[in-house]
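Summary of structural features
Here are the chains, one letter per residue:
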4 protein chains.
Amino acid sequence: MTRPWPRDVTDVVAVRRDLHAHPELGFTEIRTAARVDTALRDLGWDVRSGREVFDATGLPGLPEAAVLEHAAGRAAAEGVPEDLVTRFSGGCTAVVADLRGDRPGPRVALRFDMDALPITEASAGDHPPIRRGFASRHPGVMHACGHDGHVAIGLALAAALSTRDFPGTVRLLFQPAEEGVRGAQPMVAAGVCADVDVLLAVHLGFGLPSGRFAPAATELIATSKHLARFTGREAHAAKAPEQGRNALLAAATATLNLHALPRFAGATTRINVGRLRGGVAANVIAGEAELAYETRADSAGVADELARRAEIVVRAAAAMHEVDVELTRTGHATAATTDPAVAAALASAAEGLAEVRATHPLGASDDASLLMRAVQESGGVAGYAIVGSDGPGPPHSPRFDVDEEVLPVAVAWLERAVRGGQW
Amino acid sequence: MTRPWPRDVTDVVAVRRDLHAHPELGFTEIRTAARVDTALRDLGWDVRSGREVFDATGLPGLPEAAVLEHAAGRAAAEGVPEDLVTRFSGGCTAVVADLRGDRPGPRVALRFDMDALPITEASAGDHPPIRRGFASRHPGVMHACGHDGHVAIGLALAAALSTRDFPGTVRLLFQPAEEGVRGAQPMVAAGVCADVDVLLAVHLGFGLPSGRFAPAATELIATSKHLARFTGREAHAAKAPEQGRNALLAAATATLNLHALPRFAGATTRINVGRLRGGVAANVIAGEAELAYETRADSAGVADELARRAEIVVRAAAAMHEVDVELTRTGHATAATTDPAVAAALASAAEGLAEVRATHPLGASDDASLLMRAVQESGGVAGYAIVGSDGPGPPHSPRFDVDEEVLPVAVAWLERAVRGGQW
Amino acid sequence: MTRPWPRDVTDVVAVRRDLHAHPELGFTEIRTAARVDTALRDLGWDVRSGREVFDATGLPGLPEAAVLEHAAGRAAAEGVPEDLVTRFSGGCTAVVADLRGDRPGPRVALRFDMDALPITEASAGDHPPIRRGFASRHPGVMHACGHDGHVAIGLALAAALSTRDFPGTVRLLFQPAEEGVRGAQPMVAAGVCADVDVLLAVHLGFGLPSGRFAPAATELIATSKHLARFTGREAHAAKAPEQGRNALLAAATATLNLHALPRFAGATTRINVGRLRGGVAANVIAGEAELAYETRADSAGVADELARRAEIVVRAAAAMHEVDVELTRTGHATAATTDPAVAAALASAAEGLAEVRATHPLGASDDASLLMRAVQESGGVAGYAIVGSDGPGPPHSPRFDVDEEVLPVAVAWLERAVRGGQW
Amino acid sequence: MTRPWPRDVTDVVAVRRDLHAHPELGFTEIRTAARVDTALRDLGWDVRSGREVFDATGLPGLPEAAVLEHAAGRAAAEGVPEDLVTRFSGGCTAVVADLRGDRPGPRVALRFDMDALPITEASAGDHPPIRRGFASRHPGVMHACGHDGHVAIGLALAAALSTRDFPGTVRLLFQPAEEGVRGAQPMVAAGVCADVDVLLAVHLGFGLPSGRFAPAATELIATSKHLARFTGREAHAAKAPEQGRNALLAAATATLNLHALPRFAGATTRINVGRLRGGVAANVIAGEAELAYETRADSAGVADELARRAEIVVRAAAAMHEVDVELTRTGHATAATTDPAVAAALASAAEGLAEVRATHPLGASDDASLLMRAVQESGGVAGYAIVGSDGPGPPHSPRFDVDEEVLPVAVAWLERAVRGGQW
């Protein structure tokens, strides 16, 4: 059963709820990207999307073909026109839109991430998306980090700016796969930052209360995500256990010892084995196992050292059980800092809209940092701002929700900053 | 595309190859059971099947509904008539058939197991099923333990006996889900052993060379299979790792410590964690993990003690990381011994067909032992015989294959034993 | 062979070298305490020591009787008079000395810790204590944290103040067993802080370069030290491994999982299993194991939570292998902050002696914090200052050494502060 | 206080009790060897001992010098004459004695092991050695495997045979350090088996009841003992945990994964980490750790494979934490079988003394196997016999005791076999 899907984007809350109800994991944001693509073209923006701006071929963090195909089928079933399903297939779900203002000025790019998380949304009656009827319709997938709000803000901003009454040129970057820090690197590779003067990323929440803006987030920490695939040898667990080479023992040993890597004095670090799959049945020595882990640090040097040690642990765990291991870095982000000029412009634009907090710690990673670095390294400036948003649960939890009242205020903030043009 | 599927079962090799090409995991043997059901009715046997002889409701080892549905769809697509797909849906894939001979005698039941394994078959050109074109058409599933041969033997035996020229009554038990030792218990519960005088199970291979029969296998070891589901609490791995309760650390610790349980002096034991799944993504503290393990021992007392210690390990691993755990025994088998009378009858029937080995160690578990015990406890006799079969790989390996030349000889052996009636 | 030991303490470098050559572990500082006791009496201070001010009976962190006896024997062999060996036996190695000034003023207590570490000193020719002939003469024991310097400073200060030309009363606290944070609590219990107005602790080095003073150290972190004694059951590893209850497997599992406890967002934490002893021989299942670990955090709440989780890990590891465990907290320290008045007085006193750094992170624990808290809670003020000291190796490493040139400057600093009396 | 020590050895129970009260660990059997040496010379045997027949220099399983010295001091204090203390110092505690019979015949060697175990003897009032006043006087050391009985049997046999009324030549081998299978190899190296026709070892107990003899023990399993020394880098656990290289984490990971090595189908295997020592204090990252483990198997091939895998685990655990490891094989024994001729001679000699059991499983290792193999490889025959002995506890447990009533019967058995000369 195919239904039409909404094209109007001026009601930021309605758009956010529609996206919340249809969450899509990284590289499968077909319905989301299609909505963005259509809306921006309707508003007169110069849109490039899909393979024009994003080559997903061979990306290490790309889901399997079957997953991508399933997502395409679901998007089609949810009313996405066939040409757009095709355009955004194969993981190529980015959208880039430009609009030239009515007077000279800088090229300002704003990043909005689109993907959801593999989390099952809370089903309790008091969970706002349940109470108001817009909870996730995709089992096991949930917008638990506010990216639905980000996209809605981006589209409402696009509508507001479509009058062209601003200096310079605005570029909107709708990015796939921020989770897993996989989607920014291909956008950088596609050149979307090449001629950008100001790069701005915004995130909702992260501990900052509603009614407050933080123009310059701190603790944007470096991270890398890794996949370790252990390949041993299966064997009958009763008839010939000694003929097996146990990939699960290797993976379990790696898991414990990765978590046991030392804290670093003078740096904030994180390590997590977040996913482990291995073996087929209780009576077979496990021949294969796959482990996804991440390392983080608030300094690039410590991040590199921690990733180096993690790799040693993984390789030694494989050697210990005589299994092979293939290690792939599936995503990464760097540490990043907001330029004072950007912070000042945002603080000025916030007047009367919200209380300004000079800084607020993100305490997490975002591959917007790669876009920021690309712009900063070629002479531009960049910033990472936080829009306060209260909610019933922390990010990445089934109870997460955004405070919808802050969405239009966030739009107003960005609109003012763009119109001000004082970076 | 629906094709007719073969109903003739006299060509034991052809039947075996057809089954080998269409392997079905435990409780999803719909196409297999349908072939068996149809063939036996065609041959004039008194057939009871599906829910008549097997209640799969709530079985702890039952696959998820989606898996059962997928199997039903596949069976339909492979030509199984709709009424039979329905009959064998929901995991109820057993078939029991009786035939009364032309003279008085004992009720003799023969067990044939039907399920395949979650193993990807070898794809090398010299793998016989590849070379001869009957390799598995079901990705990731394979007859790697010879059950395809068992079913083929059972059906050819049914054809041979359809003349009714034998004493007493023969009952053929086509059992689901021997792997995981899950299918025999529900058949016992359904009463299929209640009035049986002689229970016989046969297995191909297991190290006995072609040309040899072993009427009385030894080392039929007790086992139990368990599923441990750990439930902790998800959290953002960077923002709030301390708010998580890490189910993967619990599972990894359990895995290592289960394998580290002691050997037992004077007993052969086995322990294996064969499957582990946990967590969703590298940047989320894993909130859930599931672990499938088995314990085995050649004495019931040691088996119980080992299972007790394993449970302690699993529960302590959960407590260690403040996660909950739900433990389920998904299957079990006991130790079993062939009665001398059965061994003697089988040895006598083997004359001229194969060289008889008084015993041969199975060194593994089979829940035929539960059928054997049920019959033995109610005054009957029972046996577990091995038919020698050379092959390129060990059981439960991608290279496994049976020696098809032994199949008709096995049929002849069982036919002679039944006709002899001297148990 | 008994030699006289030096009683003069005015040469701060000579005293420090003598102490460096005769390092004594916590609760065995007999020779050190005897030197302190004698020197202070010689200088006219009012001295209380041994059991008068320190009850070591039943302290959980106390070494075994044999260790205490061995220390007493060594001290006697090194020339300590018998009455003093007796006075400081049984772990009662504290010395407290009071001197009243010539005019009214506050009671100011200064803490100097005396113990060394179980570290084997570097033997390389370029290690200063080797080159200059005052390396440790006690195998496996070393002043690797500068406490030799602390005691020397304290004694030189006592000599300088013996003129009584200062306001109020000065109390010198020579504390045993700072390592393991075991010695301060019994001193608090003995009432040495009861009537103190100002409590001051000083530490050399810790990353602050020579020529700099930091009147107010930050990051004085809370810690607790624990001993876990696992008691299982021994068994012959070949004849009856299953009859054993393996204390080493419990300890090894605890070790890995303690280190794998999560980082805490927003807090600096540490966890370390620093010592493990278990089992007797390769062919015996280990029946006993003992594990010493510590937890630390820069907030008291997180410290408590981390200690709670560590206990859960240890108890679950024992339960997992069916062994008993006895858990003892052997020492602890709290977080602490220097009062502004103390910092100001110290900064003022430093003028012309060294460059003042408002703060410097200790990044470690010191149970001087318990003395500080005791004084602060009864209305007094307290401070923890760092005297910069370059050196070839970090604290607690075999290469550690203090910069002797800073010792007399530190004495001058404290003398000025005491004489100033402006707290 | 020096007391004379008994020289008479005809009272087998008295000798056993004296030895039981003075147990000595492997390579420190100075008092034991001195008693043996003196008694045999008194009886007229041709004795070679100490360095004449045993070169302990550089043996990997040798205790540290301090331990050897302490043992020498204790032996002297217990009345061993100084020349004998010297003779048996440095780990050279073997005694070999020859006596020629009065007629031609084979050279028959009998092995008696002398060492005790690092086990604290039971102190309960109903423990026979406590009740009868001959419990261990050496804290932490105990004859818990019956070697005290073996030596007593050997000496009483020497006394009985001193009449020379037997064919051929008898050689008595009193071996050090059977525990840890360390003492036989140096005796083979010293040539004590070179011209031996019959080699016989005897063991008390091991599950065979009093009143029974087993001339041919089975399940004499191959073993090797290993010491792994991990060397990492110490660091302050709070100031610089990341600068450490944690030897304890390596050792703990090795411990768990060694125990998790697979069972082997078709073979009995054992693996045990029996001792672990590492680190110095809770607040120091452990820089050193030492781990003692053993592997066993009832086939030499499996034993080699298991030892190979164990080494891989240990080396990988070191690599995982970037620590070095030094691996030493400290002892070993091979699998061994009694020759039929020896079994027959022993069975014949047992008539009227005890009930003969054709075989009894030792289920353990004994480096008498190396002596047996040396003799068998040079054309001789060998045997390993068990003398039944009831007792309150299993070997290697604090409750172990031998049934003293069987001791004179064992002497009689061996005497008859030697006098019979029918091997």
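Quantities reported herein were computed from a predicted structural model and do not represent experimental measurements. (Residues numbered from 1 in each chain as written. Chains lettered and ligands numbered in written order. Predicted model: local features only at pLDDT ≥ 70, side-chain atom pairs only at ≥ 80, totals over all residues. Heavy atoms only, no water.)

**Regarding the UniProt feature "binding site: Mn(2+)" (unreviewed entry) in chain A**
Residue and element names in this part refer to chain A. The sites that carry the UniProt feature "binding site: Mn(2+)" (unreviewed entry) are, in the present numbering, Cys-145, His-147, Glu-179, His-203 and His-396. A maximum C-alpha distance of 13.8 Å places the annotated residues, which cover 252 residues in sequence, within one compact spot. Each residue touching Cys-145, except ones within four places of it in the same chain, is listed here: Leu-117, His-150, Glu-179, His-203, Phe-206, His-396 and Phe-400. For His-203, a relative accessible area of 3% corresponds to the buried category. Setting aside anything within four residues of it in sequence, one finds His-203 in contact with Cys-145, His-147, His-150, Asp-366, Tyr-384, Ala-385, Ile-386 and Val-387. (UniProt positions renumbered as here; feature names shortened; annotations may be inferred. Contact = heavy atoms within 4.5 Å. Buried < 20%, exposed > 50% of the residue type's maximum accessible area, 1.4 Å probe, protein only.)

**Topic: the relation of the copies chain A and chain D**
Least-squares fitting of chain A to chain D yields an RMSD of 0.1 Å, with the superposition described by an axial translation of 0.1 Å and a rotation of 180 degrees. Put plainly, the chains are arranged around a two-fold axis. Relative to the rotation axis, the C-alpha of A:Ala316 is the closest in chain A, positioned 2.6 Å from it. A share of 100% of interface residues in chain A that are also interface residues in chain D marks the association as one of identical surfaces. (Least-squares fit on C-alpha atoms with pLDDT ≥ 70 in both.)

**A closer look at the interface of chain A and chain D**
At the interface, 26 residues of chain A touch 26 residues of chain D. Buried surface at the junction of chain A and chain D, summed over both partners, amounts to about 1900 Å²; 58% is from carbon and sulfur atoms. On the surface where chain A and chain D come into contact, there are 3 salt bridges. Residue D:Arg308 is joined to A:Glu322 by a salt bridge in which the shortest nitrogen-to-oxygen separation is 3.1 Å. Scanning the region where chain A abuts chain D turns up 10 residue pairs in polar contact (both at pLDDT 80 or more). Those elements that provide at least two residues to the side of chain A that touches chain D are α8 (247-259) and α9 (300-320) of chain A. With 9 residues, the single largest contributor to the side of chain A that touches chain D is α9(A). Looking at the side of chain A that touches chain D residue by residue, the class counts come to 14 nonpolar, 4 polar and 8 charged. (Buried area = accessible area lost by both parts, 1.4 Å probe. Salt bridge = Lys/Arg side-chain N within 4 Å of Asp/Glu carboxyl O. Polar contact = N/O pair within 3.5 Å; in protein donor to acceptor, adjacent residues only side chain to side chain. Helix = DSSP H or I, 4+ residues; strand = E, 2+ residues; numbered from the N terminus. Nonpolar A, V, L, I, M, F, W, Y, C, P; charged D, E, K, R; others polar.)

**Overview of the interface of chain A and chain B**
On the chain B side, the residues contacting the 49 residues of chain A number 48 residues. At the boundary of chain A with chain B, total buried surface from both sides reaches about 4000 Å², with 59% on carbon and sulfur atoms. Across the chain A-chain B interface, the total number found is 0 salt bridges. Contributions of two or more residues to the side of chain A that touches chain B are made by α8, β10 (269-279), β11 (284-285), β12 (288-297) and β15 (359-364) of chain A. It is β10(A) that contributes the most residues to the side of chain A that touches chain B, 9 residues altogether. Each residue belonging to the side of chain A that touches chain B can be placed in one class, and the counts come to 26 nonpolar, 14 polar and 9 charged. Direction of pairing for β10(A) relative to strand β10 (residues 269-279) of chain B: antiparallel, over a ladder of 5 bridges. Bridge pairing links A:Gly279 to B:Arg275 in β10(B). (Pairing = 2+ DSSP bridges.)

**Here's the deal with the relation of the copies chain A and chain B**
Superposition record for chain A on chain B: RMSD 0.1 Å, screw rotation 180 degrees, translation along axis 0.0 Å. Comparing interface residues between copies, 98% of those in chain A also sit at the interface in chain B, which points to an isologous, same-surface contact.

**Quick word on the sheet that holds strand β13 (residues 324-333) of chain A**
One open sheet holds the 8 strands; their spatial order is β13(A)-β8(A)-β12(A)-β10(A)-β10(B)-β12(B)-β8(B)-β13(B), and the pairing between them is antiparallel. Every interior strand has two partners, whereas the edge strands, β13 of chain A together with β13 (324-333) of chain B, have only one. Between one strand axis and the next, the sheet turns through 20 degrees on average, direction left out of account. Strands β8 (222-231), β10, β12 and β13 of chain A of the sheet are contacted by α9(A), whose axis makes an angle of about 160 degrees with β12(A). (Axes fitted to C-alpha atoms, helices over the stretch in contact; angles between N-to-C directions.)

**Some details on the pairing of strand β3 (residues 103-113) of chain B**
Residue and element names in this part refer to chain B. Inspection of the sheet shows β3 paired to strand β4 (residues 167-175) by 8 bridges, in the parallel sense. The partner of Ala-109 across the bridge, within β4, is Arg-171. Sheet topology note: the β3/strand β5 (residues 198-204) ladder contains 4 bridges and is parallel. Bridge assignment links Leu-110 to a residue of β5, and that residue is Leu-200.

**Some points on the domain arrangement of chain A**
Residue and element names in this part refer to chain A. Once the domains are mapped, chain A shows domain 1 (12-221 + 336-420) and domain 2 (223-332). Placing a centre on the C-alpha atoms of domain 1 and another on those of domain 2 gives a separation of 32 Å. Each partner contributes to the interface: domain 1 provides 11 residues, whereas domain 2 provides 10 residues. Where domain 1 abuts domain 2, roughly 860 Å² becomes buried across the two surfaces, and 64% of that area is made up of carbon and sulfur atoms. By the criterion of area lost to domain 2, the three top residues of domain 1 are Pro-60, Val-181 and Ile-221, representing 55% of everything that side buries. Inspection of the domain 1/domain 2 interface yields 0 salt bridges. (Domains from an automatic or database assignment.)

**What about the packing of aromatic side chains?**
Residue and element names in this part refer to chain C. The full count for this structure, using the stated rule, is 12 aromatic pairs over all chains. Ring geometry for Phe-27 against Phe-54: centres 6.1 Å apart, planes inclined by 50 degrees, an arrangement best described as tilted. Pair noted here: Phe-27 is in the loop between α1 (12-21) and α2 (30-42) and Phe-54 is in the loop between β1 (46-49) and α3 (65-77), with a separation of 27 residues, a long-range link. We classify Phe-54 as buried; its relative accessible area is 1%. (Phe/Tyr/Trp six-rings, centres within 6.5 Å; stacked < 30°, edge-to-face > 60°.)

**What about the confidence of the model for chain A?**
Note that predicted coordinates carrying low pLDDT should not be read in detail. Taken as a whole, chain A shows an average pLDDT of 95; of its residues, 99% reach a score of 70 or greater. Here the complex is predicted with pTM 0.87, and the ipTM for its interfaces comes to 0.83. (pLDDT = per-residue confidence, 0-100.)

**Focus on the side chain of C:Asp339**
Residue and element names in this part refer to chain C. Summarising the element assignment, Asp-339 is placed in the loop between β13 (324-333) and α10 (340-350). Buried charged residue Asp-339 carries no salt bridge. Nearest counter-charge: Arg-373, at 12 Å. Beyond its immediate stretch of four places on either side in the chain, Asp-339 contacts Gln-376, Gly-380, Val-381 and Ala-382. (Lys, Arg positive; Asp, Glu negative; His and termini not counted.)

**Focus: the pattern of salt bridges**
Residue and element names in this part refer to chain A. Considering all chains together, one arrives at 130 salt bridges over all chains under this definition. With a shortest N-O distance of 3.4 Å, Arg-111 and Asp-113 are connected by a salt bridge. Here Asp-113 falls in the buried class, since its relative accessible area comes to 0%. Connected via shared salt-bridge partners are Arg-16, Arg-17, Asp-148, Asp-401 and Glu-404.

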